[in-house]
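As a plain string of letters, each chain reads:
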Amino acid sequence: MNSYNISYEVASAFFISICIACLILTHRRRTARFKQFLILMFAVLFGLIFDVLGAVSIDNAPNTGLAVPMLFNTLYFFFAGYIGLAYVNYTIAFVGVRTKFHNVMRYFHIAFVIAYAVLLVINVKTGWIFTFDDEYRYVFGPYHFICYIPAGYFITGGFFYMLSNRKNLGLREMLSLSGFVFVILGTVFQALLLPNVLLTFFFGSLAVTIILVFVETPDYAYLQEALADLDSAKIEAEKAKHVKSEFLSFVSRELKTPMNTVLGMDEMILRESHDEYINGYARDIATAGNNLMETLNKILDYSDIETGKLEIVNAPYKVSTVVREVYKTVVFKSEEKGLKIGCDVGSLVPEVLVGDSVRIRQIMLNLLTNAIKYTHSGSVNLYVGSNEIDDKNVEMEIRVSDTGIGIDEEDLEKIFGTFDRAGDTHSRSGEGVGLGLSIVAKLTDMMNGEIKAESTPGKGSVFIVKLPQKIAEESDLIDSNAETTRETGAGGPLFKAPNAKVLIVDDNDINRVLEAMLLKETEVQTAQVASGEEMLAELMGTSYDVVLLDHIMPDMDGVEAMKRAKQIERVKNASTAFIALTANSLPGAREEYLRQGFDDFVSKPVNGRRLEEAVMKQLNASLILEKIS
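Computed from a predicted structure; not experimentally measured. (Residues numbered from 1 in each chain as written. Predicted model: local features only at pLDDT ≥ 70, side-chain atom pairs only at ≥ 80, totals over all residues. Heavy atoms only, no water.)

Chemist: I tried to follow the overall build of the chain on my own but got confused; where do I start?
Modeler: A count of helical and extended segments in the chain gives 21 helices and 16 strands. For the chain, with 629 residues in total, the buried portion stands at 47%. Long-range contacts, defined as pairs at least 24 residues apart, comprise 73% of the intrachain contacts of the chain with a sequence gap of at least 6. Accessible surface for the chain amounts to roughly 31300 Å². Of this, 58% is attributable to carbon and sulfur atoms. (Helix = DSSP H or I, 4+ residues; strand = E, 2+ residues; numbered from the N terminus. Buried < 20%, exposed > 50% of the residue type's maximum accessible area, 1.4 Å probe, protein only. Contact = heavy atoms within 4.5 Å. Areas by Shrake-Rupley, 256 points an atom, 1.4 Å probe, with all protein chains shown as cover.)

Here you go:
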């Protein structure tokens, strides 16, 4: 007869029973993962029970016969295999990654366990796996190794599944799930070293206890669920943020189209009206319209930053040129308020740097515009300096100071937030939507810089932006033909070319009329069509010197229409130039249109002077009868 030490597994059975009862009573949310863990614990518990009953029944076989020990040991071997399947199912539920392959394997695993159960039933008659001799001793059958295959296969498979998804798990989770190698250890110990001590399910109980303590206690489970809810909420918030930004971008671009018409028609009033009262009204419309366009552009910039569409494009630029352009842009607004404005570049600043000059100009403009907005008397100053980092890099320092109303100390922390204008009192006295400083902060961060503000209420503020920039040789400087800002409606035409022919292509009737009117004083001959197809038909029969081509049109967009037009023989012979007209004013837009094959690019709303410049640049010198400086 065999005599087995069952004390370890009896104690384990009581412990696991108590743990199961506590889990059922304390867990409020019965998730799929929790249910799989309960199944795993019940599998261990039943394995412990039948292992103990099997050992006791063997010791009492002379009195009860072999039927009872055969039944209990058959059930023990079944749960020894099933515990592996329960472990795999729990691991998959824990990791949370399920594919079609896993769904297929699920049915395979069920079939595998059923086949194993059938073998155990057959074993009752054949003794292939285990049996008992005439002295009621437990005897290994010739195929005893079969009983180790299910648990080994499932536990190994679950372990490798866990490793393949380790990116989704922390160290704590991986160590906990790895605890089931104890089952294999227990099997080896019992089979090879301590055959009379029941250890297989004792080690299995250790494995589930490790999992219970580290990752399945109610508090930890609630923490994990809370973190999962937070992750879901974060994803939803990001989606909502993206939708909001896309909506703002869409609305802003849609508003720019009618604003293009309003500002263009207003410019025509300024050009042709000689009534001072009407001109005064028109100038007010221009001021308000430009302020609205500035707000729309800020919203577009903000939405593009939020959605990741805005990129930093580094190229050589002249610092002095950027500062001069910024000064020209803000000087009129500052003089309107009676403010002195100063711009200075430090003597140690390299003449040519490599960086995103468009975004650096935007940072300067936003800071200066903000300073002018909140300064009612005194001055606003821009200073650009630099500190050497090494032989090839410097730290550009942009410092904007003013003698304005200042900012309270408690508001300094939030002035770079979205739609925040540093206090309600200040906000009511200012214009805009509070995006300027937020955009400055975001652009600074995108360029790996830093920004800070210092202020004394009633005396003024200082904003300091520091940006790392590379030093470039002047010979590397690329002339970007940057657009310059001019006063709307000032002066007469830049040129006159009565023999030049310009074709205007735009699906918007008002835009076509407006662009023709803006070129009226140049005396060029204009024709208008409403689509790409009409443009191609027109170019087949008439030669044009310049085509003003809208980008966004139904059926055939401007890029496709331009490429088709360039295949027409008459267009090739006439060397027709194509100028893109578009509301796309993002950095790099001009370069992209040139790469597509356009000869120039004018952004909407179309400025009359800028349109004249673009057309004049493309005309043959022989067509220009008079240039007006």
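The structure having been displayed, the exposition proceeds.
Chemist: Whenever I open this one, the sheet that holds strand 14 (residues 577-582) confuses me. Can you help?
Modeler: Remark on secondary structure: sheet strands pair via backbone hydrogen bonds, oriented parallel or antiparallel. Sheet architecture is open: five strands sit in the order 12-11-13-14-15, paired in parallel fashion. The sheet is open, and its two edges are formed by strand 12 (525-529) and strand 15 (600-603), each paired on a single side. Adjacent strand axes in the sheet meet at a mean angle of 20°, parallel and antiparallel pairs treated alike. Sheet topology note: the strand 13 (residues 546-550)/strand 14 ladder contains five bridges and is parallel. Each bridged residue has a counterpart across the sheet, and for V546 the counterpart in strand 14 is A577. (Pairing = 2+ DSSP bridges. Axes fitted to C-alpha atoms, helices over the stretch in contact; angles between N-to-C directions.)

Chemist: Where do I start with the pattern of salt bridges in this structure?
Modeler: Side-chain pairing between opposite charges can occur once the charged atoms of the two side chains come close. Scanning all chains against the criterion turns up 13 salt bridges. As a salt-bridge pair, E560 and R564 come within 2.7 Å of each other at their nearest N and O atoms. Placement of both E560 and R564 in helix 18 (residues 558-565) is noted, with a separation of four residues, approximately one turn of the helix. The residue E613 makes a salt bridge to R610 at a minimum N-O spacing of 3.9 Å. (Salt bridge = Lys/Arg side-chain N within 4 Å of Asp/Glu carboxyl O.)

Chemist: Can you help me understand the environment of S57 in this one?
Modeler: Here S57 lies in helix 2 (residues 32-59). Considering only alpha carbons, one finds S57 and A67, ten residues apart in sequence, at a separation of 9.4 Å. Those residues in contact with S57 that sit more than four places away from it in its chain are T64, V68, P69, F72 and N73.

Chemist: How should the environment of D402 be read in this particular structure?
Modeler: Tracing the sequence through the fold places D402 in strand 7 (residues 393-402). The spacing of D402 and G460 is 58 residues in sequence and 5.3 Å in space, taken between C-alpha atoms. Of the polar contacts made by the side chain of D402, one reaches the backbone nitrogen of G404; its length is 2.9 Å. (Polar contact = N/O pair within 3.5 Å; in protein donor to acceptor, adjacent residues only side chain to side chain.)

Chemist: Please explain helix 21 (residues 608-618) as it appears in this structure.
Modeler: One turn of the α-helix equals 3.6 residues, which is why residues spaced by three or four share an orientation. With respect to burial, helix 21 is a largely interior element, nine of its eleven residues being buried. Within helix 21, the full set of buried residues consists of G608, R609, R610, L611, E612, E613, A614, V615 and M616. Its side-chain oxygen 2.9 Å from the backbone nitrogen of R609, N607 forms the N-cap of helix 21.

Chemist: What should I look at first to understand the packing of aromatic side chains in this one?
Modeler: Here a ring pair, both rings aromatic, is described through the centre-centre distance and the interplanar angle of the planes. Scanning the model with the defined rule gives 22 aromatic pairs in all. Relative to F79, the ring of F46 has its centre 5.5 Å away and its plane inclined at 35°; by these criteria the two rings are tilted. Remark: F79 occurs in helix 4 (residues 67-95) and F46 occurs in helix 2; sequence separation between them is 33 residues. Clustering of aromatic rings is evident, with ring pairs tying together F42, F46, F50, F72, F78, F79 and Y82. Over the aromatic face of Y544 sits the side chain of K501, whose NZ or CZ is 5.4 Å from the ring centroid. (Phe/Tyr/Trp six-rings, centres within 6.5 Å; stacked < 30°, edge-to-face > 60°. Lys NZ or Arg CZ within 6 Å of the ring centre and 35° of its normal.)

Chemist: I tried to follow the nonpolar core on my own but got confused; where do I start?
Modeler: Looking at soluble globular proteins, one finds that nonpolar side chains tend to be buried together. Core analysis: the biggest nonpolar cluster contains 55 residues, and F37, L40, M41, Y90 and F180 have the highest contact counts within it. For this core, the elements supplying multiple residues, two or more each, are helix 1 (7-26), helix 2, helix 4, helix 5 (100-126), strand 1 (130-132), helix 6 (149-164), helix 7 (171-177) and helix 9 (200-215). Looking at this core element by element, the count peaks at 15 residues for helix 4. Beyond its immediate stretch of four places on either side in the chain, F180 contacts L40, I83, Y87, I155, A207, V208 and I211. (Core = buried A, V, L, I, M, F, W, Y, C linked by side-chain atoms within 4.5 Å.)

Chemist: Help me understand unusual backbone geometry in this model?
Modeler: Trans is the prevailing form of peptide bonds, just as negative phi is the prevailing case for residues other than glycine. Residues other than glycine seldom take positive phi values, yet N448 does so here, at roughly 60°. Note on placement: N448 falls in the loop between helix 15 (436-446) and strand 8 (450-456). Its relative accessible area of 64% is what places N448 among the exposed residues. Notably, D555 is not glycine yet its phi reads approximately 70°, a positive angle. Positionally, D555 belongs in the loop between strand 13 and helix 18.

Chemist: I tried to follow the side chain of N123 on my own but got confused; where do I start?
Modeler: In this fold, N123 is placed in helix 5. Residue classification places N123 among the buried residues on the basis of a relative accessible area of 1%.

Chemist: Before we go on, may I ask you to explain the environment of E612 in this structure?
Modeler: Looking at the secondary structure, you find E612 in helix 21. Along the chain, E612 and T522 lie 90 residues apart, while their C-alpha atoms are 7.9 Å from each other. Those residues in contact with E612 that sit more than four places away from it in its chain are R271, G492, P493, L494, F495, L518, L519 and T522.

Chemist: What is the right way to read the confidence of the model for the chain from this model?
Modeler: Do not read the predicted coordinates in detail wherever pLDDT is low. Summarising the model, the chain shows a mean pLDDT of 82, and 87% of its residues fall at 70 or more. Confidence drops under a pLDDT of 50 for residues 423-430, and excluding neighbours within four residues, the segment shows eleven contacts in the predicted structure. Between residues 478-490, whose pLDDT stays under 50, and residues either more than four places distant or in other chains, the model counts 19 contacts. (pLDDT = per-residue confidence, 0-100.)

Chemist: Got a minute to help me understand the pairing of strand 12 in this structure?
Modeler: Along any regular strand, the residues point their side chains to alternate faces of the sheet. Sheet analysis places strand 11 (residues 501-505) next to strand 12, joined by five bridges and oriented parallel. Of the residues in strand 12, the one forming a bridge with V502 is T526. A crossover links strand 11 with its parallel partner strand 12, the connecting element being helix 16 (residues 509-518), and its sense is right-handed. (Right-handed = clockwise from strand over helix to strand, strands pointing away.)

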